[in-house]
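What the coordinates show
Next come the chains, spelled out residue by residue.
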Amino acid sequence: MNETPIFWILLIVCTAAAGVGILAVMFTSHRYSRADKALRLRNRAIESSVNAVMIAKSSDPDNPIEYVNPAFERMTGYTSKEILGRNINFLFGAEPDQTGLGNIHAAIADRSETHVTLPCLRKDGSLFWSDMHIAPVCDDKGKNTHFVMVLNDITETRNYQQQLEHQANFDLLTELPNRNLLQDRLQQAVALARRQKHIVALAFLDLDNFQFVNDSLGHKTGDEVLKLVAHRIRSCIRTTDTVARLASDEFVLVLTGIANEENIPKVLQRIVDTISSRPQVTDTLEKVLSTVSQPIFMNNRELDITCSIGVSLFPHDGQESGKLLKNAEAAMRRAKELGRNNFQFYTTELNVRLNDRLALQTLLRRALDRDEFLLHYQPKVDLRSGKVTGAEALLRWNSPDRGMVPPIEFIATLEDSGLIIDVGRWIIEKAVAQYALWREQDPQAPRIAVNISQIQLVQKNFVPMIEEIVNKNGRKQCGLDIEITESLIMKDIDENVSKLKAIQAMGVGISIDDFGTGYSSFSHLATLPINALKIDRSFIINMASDMDHRNIVSAIISLAHLLKHEVVAEGVDSEEQVRLLREMGCDDIQGYIFSKPLPSEKFEVWRRNFFLEPG
Ligand code: C2E
Ligand code: MG
Ligand code: MG
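Rules and cut-offs
Residues numbered from 1 in each chain as written. Chains lettered and ligands numbered in written order. Predicted model: local features only at pLDDT ≥ 70, side-chain atom pairs only at ≥ 80, totals over all residues. Heavy atoms only, no water. Helix = DSSP H or I, 4+ residues; strand = E, 2+ residues; numbered from the N terminus. Areas by Shrake-Rupley, 256 points an atom, 1.4 Å probe, with all protein chains shown as cover. Donors = N, O, S within 2.8 Å, 3.2 Å for Na, K, Ca; no water. Buried < 20%, exposed > 50% of the residue type's maximum accessible area, 1.4 Å probe, protein only. Pairing = 2+ DSSP bridges. Axes fitted to C-alpha atoms, helices over the stretch in contact; angles between N-to-C directions. Contact = heavy atoms within 4.5 Å. Core = buried A, V, L, I, M, F, W, Y, C linked by side-chain atoms within 4.5 Å. Near = heavy atom within 4 Å. Polar contact = N/O pair within 3.5 Å; in protein donor to acceptor, adjacent residues only side chain to side chain. Nonpolar A, V, L, I, M, F, W, Y, C, P; charged D, E, K, R; others polar. Parallel < 35°, antiparallel > 145°, perpendicular 65-115°, else oblique. Expected span 1.5 Å × (residues − 1). Phe/Tyr/Trp six-rings, centres within 6.5 Å; stacked < 30°, edge-to-face > 60°. Lys NZ or Arg CZ within 6 Å of the ring centre and 35° of its normal. Salt bridge = Lys/Arg side-chain N within 4 Å of Asp/Glu carboxyl O.

What follows concerns the overall build of the chain. When helices and strands are tallied, the chain shows 22 helices and 21 strands. Of the accessible surface of the chain, which amounts to about 32,000 Å², a share of 53% is contributed by carbon and sulfur atoms.

Pasting the structure below:
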C-alpha cells in the first residue's frame, strides 16, 4: 500500500467529521426527546388542570378556538368537538355584560393581558360566574399568534358574596331595600336628576295606627301585615323606582325621571316643576293610598290599615338625600295631623312646625308633672226634663307661657308621643274624683264623660286600669261615662266589643262620639254595647239651613231610638237648632247655647242657676 500523507489526512478529517456528525445527531436527538417529554408533561398538566383552559387563534379575525381542555368541557357542558373553530362569544349569551366583553376584545386586539369576571352560559342555558385571565401567546420569533384564556368557576363564592351583600342592603322581612341601599339609590337618583335636570320625588310613608296591630294582634300578625303592605306598595310603582323599608312601619319611595321644563327663570321653573311633577307623583301616590288601604284579612279578622305620606322634591326641597328625607318626614307628620290617610307635599313652614312639635312634646311632658292640666266641664241637658244629666270633661292645658291652650293644639302630640296614656289615666281619675265631690253635695249630680283616644283603648291594661279607678270609688257610683269616636270603635270591632262590654258591666256608660263622620256598619251598631250616640257638630251647624243635614240628623235620631240608644246633639248653639231637635225627639243637647265648657266651680254655679222649661 502506497498511501500518500494526503490520503491519511483526508481519512482522519473524514472520520473526525463523521464522528462529529454522529455525535451531533446523537446530541440533537437527545435534546429533542427531552423537549418532547417536557411538552407532553405540559400537555398532560393542562389536560388535568381543574381550571378551564382555552386557546384561540389571534391572527384570524374570527379568533377560532383551537384547543379546550377537559375542565373547560366539564365547566361549560360542551364537548371540544362542538367548540373547536368557533368564536368564544357563544359563552356569553344573547345579552352579554358589555363592559366585560369589551375588555376581552380590547385585550385580544391589543395583544395584552386582562382579567375579567363575567356571567357565562353553559350548554344547557344555566348561568355560571367565571373569573377569566386572558394572555397573548407568541411564536419563536415573538410574533403573537394565539391567546390563552383560563377560566375559574366562582359561582359559589359570588352567590355567597351576594348573600352577604343582600343581607347588608335588604330588609329581611319584606325583602325591600333597607336604609343602607336607600341611601345609595337616593344619591344616585339625585346625581342623575341633577345631570338630566329632572325631578326626584321622595315619598315618606308611615302606616296609620300600626302600633294598634302589634299591640292587639301580636308581632307575628304585625309582620304579616308589613309584608303585605310592602307588596302592595311595590305593585304601585315602576321597576325603575325604589321602595325601601326604613324602620318598623316606615317606607320610603324614590320616584325618578319626572320631567322638567328647562331654561326658564328660577321662579317660573319652580312653578312649572311643581305643576308638571305633581300630577305624576300624585297619580302614583293616590294609587299607593288606595292600594294600601284595601281591607286586610288576617286571622279571620278584617283590618283597616291606611297610611300617611309626605313628599319632598329634589331640587326644590333639598339638594341632598338627608335633607330630602327629613323634609319628606315633616310632610308626612303634617299628613297625620290632617287626619291621616292622605299625602302632603313639603313646604318650608313645615320645618318650623316640626321643631315646634318637638318643643311642644317636651313642654307637655313637664305639664303633667307640674300639674298644668285641668278639666273643663260642658253640660248635657235633657230636653224633656230640662235637667242637666251629664257633663263632658274636656282637657285644657294651663301653660305658664301660652295661657289656656285648647286640646286641638296638643292632643295629637300627646297621642304621637304616647303621653296620652299617662295623661288619659289622670283625666279618668280626675273625672271620677270630681263626680265623687259633686255627689257629696247632690245625689243627682251629673255623670261625667271623658274622651278616650285610640292609643288608650288598644292598651292591654285598658280595662283593668278603668276597673282599678272605678273600684276605688265604689262601682255603681263612679258616675263615669266614656266617649269613643265612631271610626275608633269600628277599627277592631270584635276586640272593642269585648273590652266595652267589660267596662259597661262596671257601670260605665259608653257613647259613640262624632257620630256620622265615620263609617259605622249598621249590623255592628245593633250589637255594640253602647248607651248613646253623639251626633257630630258638623251636621248640627247646618241643620237649620240645609235640608240634607236636617234629614241626616232626623235619621240618626230615629236609628238610635230603634236601637234603644239615647241621642245627644253636640255643638248646639242656636234656639232654632234646639227647636228642631226637640221636634225630632232628640234626648240630650250639649253646646254653647247652654254653656261653654267651664272649670268645675263655675260649672256648679251655672248648674244651680240653670233652668229650662221641660218639653
Ligand atoms: P269632642 O269630644 O267632640 O268635644 C266637643 C268639642 O266641641 C269641645 O271642644 C267643645 O268645647 C266643642 N263644642 C261644644 N259645643 C260647642 C258649640 O256650640 N260650638 C262650638 N264651636 N264648639 C262646641 P274642645 O274642648 O276644644 O275639644 C275638642 C276635641 O278635643 C274633643 O272633641 C275631643 O276629641 C278632644 N278632646 C278634648 N278633651 C279630650 C280629652 O280629655 N281626651 C281626649 N282623648 N280627647 C279630648
Ligand atoms: Mg267628646
Ligand atoms: Mg264630639
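Once you've had a look at it, read on.
Another point: the coordination of the magnesium ion (ligand 2). Distances from the magnesium ion (ligand 2) to its protein donors, E392 (OE), N451 (OD1), E483 (OE) and D513 (OD), fall at 2.1 to 2.2 Å. The metal-metal distance between the magnesium ion (ligand 2) and the magnesium ion (ligand 3) is 3.9 Å, with D513 coordinating both. Taken together, the residues span a long stretch of sequence, with E392 in strand β14 (residues 388–399) and N451 in strand β16 (residues 447–451) at a distance of 59 residues. The exposure class assigned to E392 is buried, which follows from its relative accessible area of 4%.

One open sheet accounts for five strands, arranged β2-β1-β5-β4-β3; its pairing is antiparallel. Edge positions in the open sheet fall to β2 (65–68) and β3 (114–121), since each of these has one partner strand only. On average, adjacent strands in this sheet sit at an angle of 25° to one another, irrespective of strand direction. Here strand β1 (residues 52–57) pairs with strand β5 (residues 144–153) via six bridges, running antiparallel. Of the residues in β5, the one forming a bridge with V53 is V150. In the packing of helix α4 (residues 98–110) onto the sheet, contacts are made with β3, β4 (127–138) and β5, and the angle to β3 comes to roughly 130°.

This part covers the nonpolar core. Side chains that are nonpolar tend, in soluble globular proteins, to be buried together. F373 and L581 are the most contacted members of the largest nonpolar core, which totals 79 residues. Looking at this core element by element, the count peaks at nine residues for helix α13 (residues 420–441). Setting aside anything within four residues of it in sequence, one finds L581 in contact with L383, I540, M543, V553, I557, A569, V572, C586 and I589.

Before going further, it helps to examine the site of ligand 1. The environment of ligand 1 is made up of 21 residues, and the closest members are E392, N451, D513, R537 and Y592. A distance of 3.5 Å separates an oxygen atom of ligand 1 from a polar side-chain atom of E570. About the coverage of ligand 1: the protein hides 81% of its 790 Å² of free accessible area. Of all the elements in the fold, those that place two or more residues in the shell around ligand 1 are β14 and β18 (509–515). Per-element tally for the shell around ligand 1: the top contributor is β14, with four residues. Grouping the amino acids of the shell around ligand 1 by side-chain chemistry returns eight nonpolar, five polar and eight charged.

Close contact between helix α15 (residues 462–472) and helix α17 (residues 493–504) brings their axes to 10 Å; oriented N to C, the two are set at 10°. Here α17 runs roughly parallel to α15, going by the angle between their axes. Contacts from F462, V463 and I466 of α15 reach α17 at K499, A502 and I503. Taken together, the residues of the contact of α15 with α17 break down into five nonpolar, no polar and one charged.

If you check α4, its first and last C-alpha atoms are 18 Å apart, about what 13 residues at 1.5 Å a residue would give, namely 18 Å. On its buried face, α4 sits against β3, β4 and β5. One or two steps after α4, the chain reaches R111, where phi turns positive at roughly 55°.

Following the sequence through the fold, V553 ends up in helix α20 (residues 547–562). Looking at V553, the relative accessible area reads 0%, which means it is buried. What V553 contacts, discounting residues up to four positions off in sequence, is I535, F539, I540, M543, L581 and M584.

With that settled, consider the packing of aromatic side chains. Within a pair of aromatic rings, the relevant descriptors are the distance that separates the centres and the angle that separates the planes. Using the criterion set out here, one finds 11 aromatic pairs in the structure. When the ring centre of F90 is taken as origin, the NZ or CZ atom of R86, which lies over that ring, is 4.4 Å away. The ring of Y592 is capped by K596, whose NZ or CZ atom sits 4.8 Å from the centre of that ring.

What follows deals with α17. With 12 residues, α17 should reach 16 Å at 1.5 Å per residue; the first-to-last C-alpha distance of 16 Å fits that figure. Each element contacted by the buried residues of α17 is listed here: α14 (454–458), α15, β17 (480–485), α16 (486–491), β18 and α18 (522–527).

Most peptide bonds are trans, and most residues other than glycine sit at a negative phi. For the bond from F314 to P315, the omega torsion is 10°, close enough to zero to count as cis. Relative to the helices and strands, P315 resides in the loop between β11 (307–314) and α10 (321–337). Although it is not a glycine, N63 adopts a positive phi angle of roughly 45°. Despite not being glycine, N341 shows a phi value in the positive range, around 55°. Take N341: it is sitting in the loop between α10 and β12 (343–345). Assessed through its relative accessible area of 36%, N341 is described here as partly exposed.

Quick look at the coordination of the magnesium ion (ligand 3) now. Surrounding the magnesium ion (ligand 3) are the protein donor atoms D513 (OD), D514 (OD), E570 (OE) and E570 (OE), at 2.1 to 2.7 Å. Sequence positions of the residues that donate to the magnesium ion (ligand 3) give the spacing D-D-x55-E.

So, on to the side chain of T291. On the secondary structure map, T291 appears in helix α9 (residues 266–292). Under the relative-accessibility criterion, T291 is labelled buried at 19%. Ignoring sequence-local partners within four residues, the contact set of T291 consists of R232, S235 and C236.

Here we come to the pattern of salt bridges. Under the counting rule described, the total for this entry stands at 21 salt bridges. Here K123 makes a salt bridge to E82, at a shortest N to O gap of 2.7 Å. Of this pair, K123 sits in the loop between β3 and β4 while E82 sits in helix α3 (residues 80–83), and the two are 41 residues apart along the sequence. On the basis of relative accessibility, which here comes to 46%, the residue K123 falls in the partly exposed class. Across the salt bridge formed by R607 and D442, the nearest N and O atoms sit 2.4 Å from each other. Highlighted residues: R607 in helix α22 (residues 600–609) and D442 in the loop between α13 and β16, separated in sequence by 165 residues. Judged by relative accessible area, which is 23%, R607 ranks as partly exposed. Here the residues in one salt-bridge network are K380, E392, E483, K534 and E570, joined through shared partners.

This part takes up the pairing of strand β20 (residues 566–570). Each regular strand carries side chains that alternate between the two faces of the sheet. Of all five residues that make up β20, four are buried, and the element is covered over most of its length. In this structure, strand β19 (residues 532–535) lies alongside β20, joined through four bridges in parallel fashion. Counterpart to I535 in the pairing with β20 is A569. One ladder, built from three bridges, connects β20 with strand β21 (residues 588–590); its direction is parallel. Each bridged residue has a counterpart across the sheet, and for V568 the counterpart in β21 is D588.

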